[in-house]
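The residues making up each chain are set out below.
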Amino acid sequence: MEKAIIGEKLGMTQVFKDDLMIPVTVIKAGPCVVTQLKSRDTDGYEAVQVGFGDKKPDSVNMPMKGHLKKSGSEALRVLAELPLDPAGYKTGQKISVGIFEEGDRTDVTGISKGKGFAGVVKRWGFAGGPSSHGARFHRAPGAIGQCATPSRVFKGKKLPGRMGSDRVTVQNLLVVGVDTDKDLLLVKGAVPGAKGTVVMVRESVKSKKKAKR
Amino acid sequence: MKEIETLERSQMKEDVIPFQPGDTVKVTIEIKEASGTGEKRTVRTRSQAFQGLVIRRQGAGARETFTVRKISFGVGVERTFPLHSPVIKDIQMVQEGDVRRAKLYYIRDKVGKAARVKKKKFTS
């Protein structure tokens, strides 16, 4: 069975394992409640909708209350769809971190930190110009095209604009530790987003490929 | 946040002696030496001591590190250890020093007699 869960990024620290210092991201993963099963007949695709986290019951509106009532839950911070086979799940069922164990490989998806309106040096890694020696070209993008032919700027030209706040997946992160009592998942390396970001942790695509072989 | 704090606390050693920059300490580390591959692979551990002047303590909680400086065959050698690393078997106080700053980087530019640190007269 495939494994997936949603959780909250708590922050980073380090742990010692076999005399080695390992950088880890601590994720408060689950417990998630299955709120709805999406089926091919009614929705056109298959997925498992789960909810995670707490919220003030007062701030839940009536339609949402009705939706959550089906799974026996009251107020959930977020709802998200996990790409799982709905056949193995029931509405109201709980998914906990226990599905993962030490040594698993995971893909972690989240929304990256927003950088605002960023220039071309920060956003695309352009070299920029020299900062002194009479230089009049510093961090500007420079020429963005040719002349009469083609007399337009090509689509996809790297230019300044909004950076960050993208959906980013980091692949193949090693699970360093699982704490089922506190619902904590320790994953080696960095994970997209700021502290408090909701992230989805899945069994890694690469490890699934390996298992098939 | 609290979860990370408790996690870090569980990583910390409890028997670390108090020492400060300016003190001379002897750090005993355990080194694993592996030889051979497959079934012939053997892992041997031996301990090695590194004695010198503590010139810096940095970080907090389980992430704290300290740097020890010594002169080895006329060459200055600095080694930074994670304070709570399981590799460190023992830290012994050799000499308490009396210094006026937290980071003793100035020692790097001093040679001979000037590169010393005053002994602490009254130990608490």
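Residues numbered from 1 in each chain as written. Chains lettered and ligands numbered in written order. Predicted model: local features only at pLDDT ≥ 70, side-chain atom pairs only at ≥ 80, totals over all residues. Heavy atoms only, no water.

## What about the overall build of chain A?
When its secondary structure is counted, chain A shows 4 helices and 12 strands. For chain A, the C-alpha radius of gyration of 22 Å lies well beyond 17 Å, the compact-globule estimate for 213 residues. Taken over the C-alpha atoms alone, chain A extends approximately 65 × 50 × 45 Å along its principal axes. Put simply, chain A has 213 residues, and 34% of those count as buried. (Helix = DSSP H or I, 4+ residues; strand = E, 2+ residues; numbered from the N terminus. Rg over C-alpha atoms; globule rule 2.2 N^0.38 Å. Buried < 20%, exposed > 50% of the residue type's maximum accessible area, 1.4 Å probe, protein only.)

## Describing the interface of chain B and chain A
Facing 15 residues of chain B, the contacting portion of chain A comprises 15 residues. Summing both partners gives a buried area of about 1,300 Å² for chain B against chain A, and 66% of it is carried by carbon and sulfur. Linking chain B to chain A there are 1 salt bridge. The partner of Lys32(B) in a salt bridge is Asp19(A), and the shortest N-O contact between them spans 3.2 Å. Considering each element in turn, the side of chain B that touches chain A owes the most residues, 6 residues, to helix H1 (residues 2-11) of chain B. Broken down by class, the residue content of the side of chain B that touches chain A amounts to 7 nonpolar, 4 polar and 4 charged. (Contact = heavy atoms within 4.5 Å. Buried area = accessible area lost by both parts, 1.4 Å probe. Salt bridge = Lys/Arg side-chain N within 4 Å of Asp/Glu carboxyl O. Nonpolar A, V, L, I, M, F, W, Y, C, P; charged D, E, K, R; others polar.)

## Focus: the nonpolar core
In terms of nonpolar packing, the biggest core is built from 25 residues, with Ile27(A), Val50(A), Leu82(A), Ile95(A) and Leu185(A) touching the most fellow members. Mapped by element, the contributors of at least two residues to this core are strand E1 (4-17), strand E2 (20-29), strand E3 (32-38), strand E4 (47-52), strand E10 (167-179), strand E11 (184-188) and strand E12 (198-203) of chain A. The residues contacting Leu185(A), other than those within four sequence positions of it, are Thr25(A), Val26(A), Ile27(A), Ala29(A), Val97(A), Phe100(A), Val175(A), Gly177(A), Val178(A) and Val201(A). Counting 13 residues, the second-largest nonpolar core is a separate cluster that includes Val54(B), Leu83(B), Val87(B) and Ile91(B). (Core = buried A, V, L, I, M, F, W, Y, C linked by side-chain atoms within 4.5 Å.)

## A few points about the environment of Ile6(A)
Within the fold, Ile6(A) resides in strand E1. Apart from the residues within four sequence positions on either side, Ile6(A) is in contact with Ala29(A), Gly30(A), Cys32(A), Val50(A), Phe52(A), Val78(A), Ala80(A), Leu82(A), Val199(A) and Met200(A).

## Quick look at H1(B)
Burial in H1(B) covers these residues: Ile4(B), Leu7(B) and Glu8(B). Each buried residue of H1(B) sits inside an arc of 95° when the element is viewed along its axis, so together they form one side. The exposed set on the far side of H1(B), more than 90 degrees from its buried face, consists of Lys2(B), Arg9(B) and Ser10(B). In this fold, the buried residues of H1(B) make contact with E1, E2 and E11 of chain A. (Arc of directions from axis to C-beta.)

## Structural notes on the pattern of salt bridges
The final tally for this structure, using the stated rule, is 13 salt bridges over all chains. The closest approach of N and O atoms between Lys38(A) and Glu81(A), which form a salt bridge, is 3.3 Å. With Lys38(A) in strand E3 and Glu81(A) in strand E5 (residues 78-82), this pair connects stretches of sequence that are 43 residues apart. When its relative accessible area of 12% is taken as the criterion, Lys38(A) is described as buried. Taken together, the shared-partner salt bridges connect Glu33(B), Arg44(B) and Arg46(B) into one network.

## Digging into the environment of Ser96(A)
Locating Ser96(A) in the fold gives a position in the loop between strand E6 (94-95) and strand E7 (105-111). Sequence spacing of Ser96(A) and Gly114(A) is 18 residues, and the spatial spacing of their C-alpha atoms is 30 Å.

## Here we look at the sheet that holds E12(A)
Spatially, 6 strands are ordered E1-E2-E11-E10-E7-E12 (chain A) in a closed barrel, and the strand pairing comes out antiparallel. Neighbouring strand axes in the sheet, compared pairwise and without regard to direction, differ in orientation by 50° on average. Sheet topology note: the E2(A)/E11(A) ladder contains 5 bridges and is antiparallel. Among the inter-strand pairings, Val26(A) is bridged to a residue of E11(A), identified as Leu186(A). Its contacts with the sheet put H1(B) on E1, E2 and E11 of chain A, and the angle it makes with E1(A) is roughly 30°. (Pairing = 2+ DSSP bridges. Axes fitted to C-alpha atoms, helices over the stretch in contact; angles between N-to-C directions.)

Remember that the coordinates give geometry; whether it matters functionally is a separate question.
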